[in-house]
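# Working through the structure, step by step
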Amino acid sequence: MKSWIHSVAVILVGSVIAVSASWAQSDGHQMITPSDLKWNDVPSLPPGAKIAVLEGPMNEAVPFTARLKFPANYSLPAHMHPAVERVTVLSGTFHMGMGDKLDPQKTSALGPGSLMIIQPNTNHFAWTNEEVIVQLNGMGPWGITYINPADDPRK
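Residues numbered from 1 in each chain as written. Predicted model: local features only at pLDDT ≥ 70, side-chain atom pairs only at ≥ 80, totals over all residues. Heavy atoms only, no water.

### A short note on unusual backbone geometry
Test applied: Strands here are runs of E lasting at least two residues and helices are runs of H or I lasting at least four, both read from the DSSP assignment and numbered beginning at the N terminus.
Residue Pro-57 follows Gly-56 across a cis peptide bond; omega there is 10°. With respect to the secondary-structure elements, Pro-57 resides in the loop between strand 6 (50-55) and strand 7 (63-70). The omega torsion across Gly-140 and Pro-141 is 0°, close enough to zero to call that bond cis. Looking at the element boundaries, Pro-141 is found in the loop between strand 14 (132-139) and strand 15 (145-146). Its identity is not glycine, yet Asn-121 carries a phi of approximately 60°, on the positive side.

### Some thoughts on the nonpolar core
Going by this rule: As used here, the term nonpolar core means buried Ala, Val, Leu, Ile, Met, Phe, Trp, Tyr and Cys residues forming a set that is joined through side-chain atoms within 4.5 Å. Residue exposure (1.4 Å probe, protein chains only): buried if accessible area is under 20% of the type maximum, exposed if over 50%, otherwise partly exposed. Residue contacts follow a heavy-atom distance rule, with two residues in contact if any of their heavy atoms lie within 4.5 Å.
In this structure, Leu-45, Met-58, Leu-68, Phe-70, Phe-94, Met-96 and Val-134 are the most contacted members of the largest nonpolar core, which totals 27 residues. For this core, the elements supplying multiple residues, two or more each, are strand 6, strand 7, strand 9 (85-91), strand 10 (94-98), strand 12 (115-118) and strand 14. Counting residues per element, this core draws most heavily on strand 7, which supplies four residues. The residues contacting Leu-68, other than those within four sequence positions of it, are Trp-39, Val-42, Leu-45, Lys-50, Ile-51, Val-132, Ile-133, Val-134 and Leu-136.

### Quick word on the pattern of salt bridges
This is how it is decided: Take a side-chain nitrogen of Lys or Arg and a carboxyl oxygen of Asp or Glu: if they are within 4 Å of each other, that pair is a salt bridge.
A complete count under the given rule lists two salt bridges for this structure. Residue Asp-41 pairs with Lys-50 through a salt bridge whose shortest N-O separation is 2.4 Å. Residue Lys-50 is classed as partly exposed on the basis of its relative accessible area, which comes to 29%. Linking Arg-154 and Asp-152 is a salt bridge whose minimum nitrogen-to-oxygen distance equals 2.9 Å. Accessibility expressed as a relative area gives 30% for Arg-154, which makes it partly exposed.

### With respect to empty space enclosed by the protein
Rule in force here: A cavity here means a set of points on a 1 Å grid, drawn over the protein atoms and nothing else, where a 1.4 Å probe fits but cannot get out; a pocket is an open set with protein on both sides within 12 Å along at least five of seven lines, and a residue lines either one if it has an atom within 4 Å of a point. Grid points are joined across faces, edges and corners, and a volume is the space filled by probe spheres set on the points. Residues are grouped as follows: Ala, Val, Leu, Ile, Met, Phe, Trp, Tyr, Cys and Pro are nonpolar; Asp, Glu, Lys and Arg are charged; every other residue, Gly included, is polar.
Going through the model one piece at a time under the given rule, you end up with one cavity of 30 Å³ or more. Its volume calculated, the largest cavity comes out at about 220 Å³. What lines the largest cavity is a set of 22 residues, among which Leu-45, Leu-68, His-81, Glu-85 and Leu-136 lie closest to the centre. Only strand 7, strand 8 (75-80), strand 9, strand 10, strand 13 (124-128) and strand 14 provide two or more residues apiece to the lining of the largest cavity. Residue classes in the lining of the largest cavity are distributed as 17 nonpolar, four polar and one charged.

### Regarding the confidence of the model for the chain
Definition in use: The predictor rates its confidence in each residue with pLDDT, a number between 0 and 100.
Looking at the chain, pLDDT values average 86 and 83% of them are 70 or higher. Confidence over residues 1-23 falls short of pLDDT 50; this stretch has 60 contacts with residues more than four positions distant or in other chains.

### Notes on the sheet that holds strand 9
Strands in a sheet are paired, the pairing made by backbone hydrogen bonds, and the direction either parallel or antiparallel. Condition: For two strands to pair, DSSP has to find at least two bridges joining them.
In spatial order, the strands read 5-6-7-14-9-12; together these six strands make up an open sheet with antiparallel pairing. What marks the edges here is a single partner per strand, and that holds for strand 5 (40-41) and strand 12. By the bridge criterion, two bridges tie strand 5 to strand 6 in an arrangement that is antiparallel. Its bridge partner being in strand 6, Asn-40 is matched across the sheet by Ile-51.

As structure tokens, this is what we get:
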């Protein structure tokens, strides 16, 4: 008989986030619909961001897939990650830029279907003017380091 997985625990950047969904898994294959996703707060990002982990866990050296939902008028300060980050815009317009400080004038407007591949330890930032959902793909363990430590919501 095929197995069904209904929940998974994930540690994201030192914070425990419980993620559950009613997706089917059989022999390593998964089918996940948007209605299966359970959105949770992201302690490592400024308030308002939500995450749904589809594949993981993000704290281990394995591939992961997560969706991030950002509200309208959201700002993500300059930060970097320890591994390659692949961001695909699923809905809305995500404004992303490179550098040490968030500067809306130095961003590119990325619409649905757009992909940004960011190399490890590359300083970047983002903002929204509408709700945006992106898919994040990478290899764990995942982490985030803010360029200005005062921007880190975990402190």
